[in-house]
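# A structural walkthrough
So the chains spell out like this:
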Amino acid sequence: MKNIAFFCIPAHGHTNPMLAVATELVKRGNAVRFYSFNEFEIKIKATGAEYISCDSYLPALTEQEEAGLKNVSTTEMTIQDIRITLSMNDFLDAEFKAFRFDVVYTDSVCFWGKLNAWKHNVPMVVSTSTFAFNQMSSQYMKNSPREMTGLIFGLPRVSHELKKLKAYGYKFKGLFSLIQSDNDTDSVVYTSKHFQPFSESFSSHYLFAGPSIHPDNNPQKAERPLVYVSMGTVINDRPDFYSKCIDAVRGEDVDLIITCGNAVDVASLGELPENVKVFPYVDQLEILSKASVFITHCGMNSVSESLYMETPMVLYPQTNEQAAVARRVTEIGAGIMLKDDSVDGINKAVRELMKIETYAKAARECAEDFRNCPGITGAAEFIENAPHTSSGVDVMKELNKAYVLAQVVYNIISVLLAILIFHFVSPAFIWVYVVLAIILCAPFKNWSQNSNYKRLIRKYNLKR
């Protein structure tokens, strides 16, 4: 029997995948203490784990900070993670000394879980609720100019908060060590190697367990077409979009179910047609088992459940992380991006998914892939047996070596060309050339990484 600590941030999308794993670990005779927040208390206690409330350690938020969190600001979320870690310091010091945990299972962006595992030298396994992101898979993340501006101007605030952690004895290499995946850390990822972008770049420290769904759940498609709409639990205050979805199926021979949380007053959507129903919450897995089409914000849990239930998707991402998931769904052919969110645009997208069988076929193939993953049982075994040793080649280390060499060659060629331009063309062109060389550096890096990645995959005969 192992003494296992679970840590997660106060977010449904991050907590839900950990619940089934907690249930399995308890069933296998382990003692699980789940450090979380009161809105998840009932769900956590249902797993058999011991629930430990952390609500009293949440800092009071200004209106600006609260708005930043609602808008999924990376800067604001990072700062709040650090502040929660500091407020929990004395409490968790006492907990780790009293319970002498054998393993820590912590969400990938839960700083207080990661930092205390390192501080108290306890083996750690990371719960990754979306894709695992490293230098290669991060190419799927496209930050908007607004997001990039927020990150740049937020760095001084983040750096100021990070310095406070050092004084409390927390050990970490830098911000990226807290938020990015690396090949030396045991991690459970709730998807398959096939669905994970650049999965060959991750070491054997990663278990691609598949969605955290009990294997007894199976599709039971309704005879009459059913369209399901959900914008998740964070950015779901979208009455304008829900109204468009309602109008898109008005008079159509389909049923529509919308779940909108508590942010939207159902009455504000007006009189609903007979074929439309709106709820604050539903059993999403049950609805998806019957649905023909899912209109989704592309949260990883929602997409995984949709694919598991063989339901193709209309993809409407709201954040860069969700856009990365949406991109992968389009690559496997199980959904289409909603580029036109007008009533006609939504109607056409739904019609296309119901008319063209290849979308549903791609979803069925992905569902079969998911069902062949190690699953919840495999994840529990992986956690019980932590820490793990890595075997095989570390593609990222090899890739970084190749990139350093390529960058040296690029710099040498750039300097030689600058000398030639200065002597044989005109010194006036030097500044233009320097600017051009700097601009081309980023595309060169991407080209170099991708070409060397393909070379390494062939060299070591790596497969998904």
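Below is a short write-up of the structure. (Residues numbered from 1 in each chain as written. Predicted model: local features only at pLDDT ≥ 70, side-chain atom pairs only at ≥ 80, totals over all residues. Heavy atoms only, no water.)

Counting its regular elements, the protein contains 17 helices and 13 strands. Its C-alpha atoms give the protein a radius of gyration of 24 Å, near enough to 23 Å, the size a compact globule of 464 residues would have. Classification of the 464 residues of the protein by burial places 50% in the buried group. Of all intrachain contacts in the protein linking residues separated by at least 6 positions in sequence, the fraction that spans at least 24 positions is 67%. Summed over its atoms, the accessible surface of the protein is roughly 22,400 Å², and 57% of this surface lies on carbon and sulfur atoms. (Helix = DSSP H or I, 4+ residues; strand = E, 2+ residues; numbered from the N terminus. Rg over C-alpha atoms; globule rule 2.2 N^0.38 Å. Buried < 20%, exposed > 50% of the residue type's maximum accessible area, 1.4 Å probe, protein only. Contact = heavy atoms within 4.5 Å. Areas by Shrake-Rupley, 256 points an atom, 1.4 Å probe, with all protein chains shown as cover.)

Interhelical geometry of helix H1 (residues 12-27) versus helix H15 (residues 375-384) gives an angle of 65° and a closest axis separation of 9 Å. Considering their axes alone, H1 and H15 lie roughly perpendicular with respect to each other. In the packing of H1 onto H15, the handedness of the crossing is right-handed. Listed contacts from H15 to Ala20, Val21, Glu24 and Leu25 of H1 are Ile376, Thr377, Ala379, Ala380, Ile383 and Glu384. Here the contact of H1 with H15 is built from residues that sort into seven nonpolar, one polar and two charged. (Axes fitted to C-alpha atoms, helices over the stretch in contact; angles between N-to-C directions. Parallel < 35°, antiparallel > 145°, perpendicular 65-115°, else oblique. Left-handed = near helix turned anticlockwise from the far one by under 90°. Nonpolar A, V, L, I, M, F, W, Y, C, P; charged D, E, K, R; others polar.)

On to the packing of aromatic side chains. As enumerated under the stated definition, the model contains 22 aromatic pairs in all. Seen in terms of ring centroids, Phe7 and Tyr35 are 4.7 Å apart; in terms of plane orientation they differ by 10°. Their pairing is stacked. Of this pair, Phe7 sits in strand S1 (residues 3-7) while Tyr35 is found in strand S2 (residues 31-36), placing the two residues 28 residues apart along the sequence. On the basis of relative accessibility, which here comes to 0%, the residue Tyr35 falls in the buried class. Centroid distance Tyr57 to Phe91: 5.0 Å. Interplanar angle 20°. Geometry classified as stacked. Residue Tyr57 is found in the loop between strand S3 (50-53) and helix H3 (63-70), and its partner Phe91 is found in helix H5 (residues 89-99); the two are separated by 34 residues along the sequence. Through successive ring pairs, a cluster of aromatic residues spans Phe7, Tyr35, Tyr57, Phe91, Phe96, Phe99 and Phe101. Over the ring of Tyr170 we find Lys119, and its NZ or CZ is 4.4 Å from the ring centre. Here the guanidinium or amino end of Lys166 rests over the ring plane of Phe172, the centre of that ring lying 4.4 Å away. (Phe/Tyr/Trp six-rings, centres within 6.5 Å; stacked < 30°, edge-to-face > 60°. Lys NZ or Arg CZ within 6 Å of the ring centre and 35° of its normal.)

Further remarks concern the layout of surface pockets. The calculated volume of the second largest pocket comes to roughly 650 Å³. Together, 25 residues line the second largest pocket, and Lys173, Asp182, Asn183, Asp184 and Thr185 are the ones closest to its centre. Contributing elements (two or more residues each) for the lining of the second largest pocket: helix H8 (175-179) and helix H16 (395-424). By residue number, the principal contributor to the lining of the second largest pocket is H16, which donates three residues. (1 Å grid on protein atoms, 1.4 Å probe; cavity = no way out; pocket = protein on both sides within 12 Å on 5 of 7 lines; lining within 4 Å. Points joined across faces, edges and corners; volume = space filled by probe spheres on them.)

The terminal C-alpha atoms of helix H17 (residues 430-460) lie 43 Å apart, and with 31 residues this matches the ideal 45 Å at 1.5 Å per residue to within 8%. At Cys441, H17 shows its largest bend, some 35°, and a proline, Pro443, comes one to four positions later. What H17 keeps buried is the set Ile430, Tyr433, Ala437, Phe444, Ser448, Gln449, Asn452, Tyr453, Leu456 and Ile457. Looking at the buried side of H17, the elements it contacts are H16. In the stretch just after H17, Asn461 is the one whose phi turns positive, near 55°. (Expected span 1.5 Å × (residues − 1). Bend = angle between axes of the 7 residues up to and from the residue.)

Here Pro59 lies in the loop between S3 and H3. Put simply, Pro59 and Arg83 are 24 residues apart on the chain and 7.2 Å apart in space, counted from C-alpha to C-alpha.

Here the focus is the sheet that holds strand S13 (residues 335-337). Judged by pairing direction, the sheet is parallel, and its six strands sit side by side in the order S10-S9-S8-S11-S12-S13 without closing on themselves. The open sheet has two edge strands with one neighbour each: strand S10 (276-279) and S13. The average angle at which neighbouring strand axes cross in this sheet is 15°, direction not considered. The pairing of strand S11 (residues 293-296) with strand S12 (residues 313-315) spans three bridges and is parallel. Residue Phe294 lies in a different strand from S12, and its bridge partner there is Met313. Packed on one face of the sheet, helix H13 (residues 343-355) meets strand S8 (226-230), S11, S12 and S13 and runs near 140° to S11. (Pairing = 2+ DSSP bridges.)

For the rest of this paragraph, the subject is the environment of Ile356. Looking at where Ile356 falls in the secondary structure, it is placed in the loop between H13 and helix H14 (357-371). Residues Ile356 and Lys45, spaced 311 residues apart in sequence, show a C-alpha to C-alpha distance of 44 Å.

This next bit is on the pairing of S8. Burial analysis of S8 places five of its five residues in the buried class, the great majority of the element. Side chains Leu226, Tyr228 and Ser230 project from S8 onto one buried face, and the interleaved Val227 and Val229 project onto a second face that is buried too. When S8 meets strand S9 (residues 255-259), the two strands line up parallel, connected through five bridges. Along S9, the bridge assignment pairs Val227 with Leu256. Regarding topology, helix H9 (residues 239-249) serves as the crossover connection from S8 to the parallel S9, and that connection is right-handed. Both S8 and S11 contribute to a ladder of four bridges, which runs parallel. Looking across to S11, one finds that Val229 is bridged to Ile295. (Right-handed = clockwise from strand over helix to strand, strands pointing away.)

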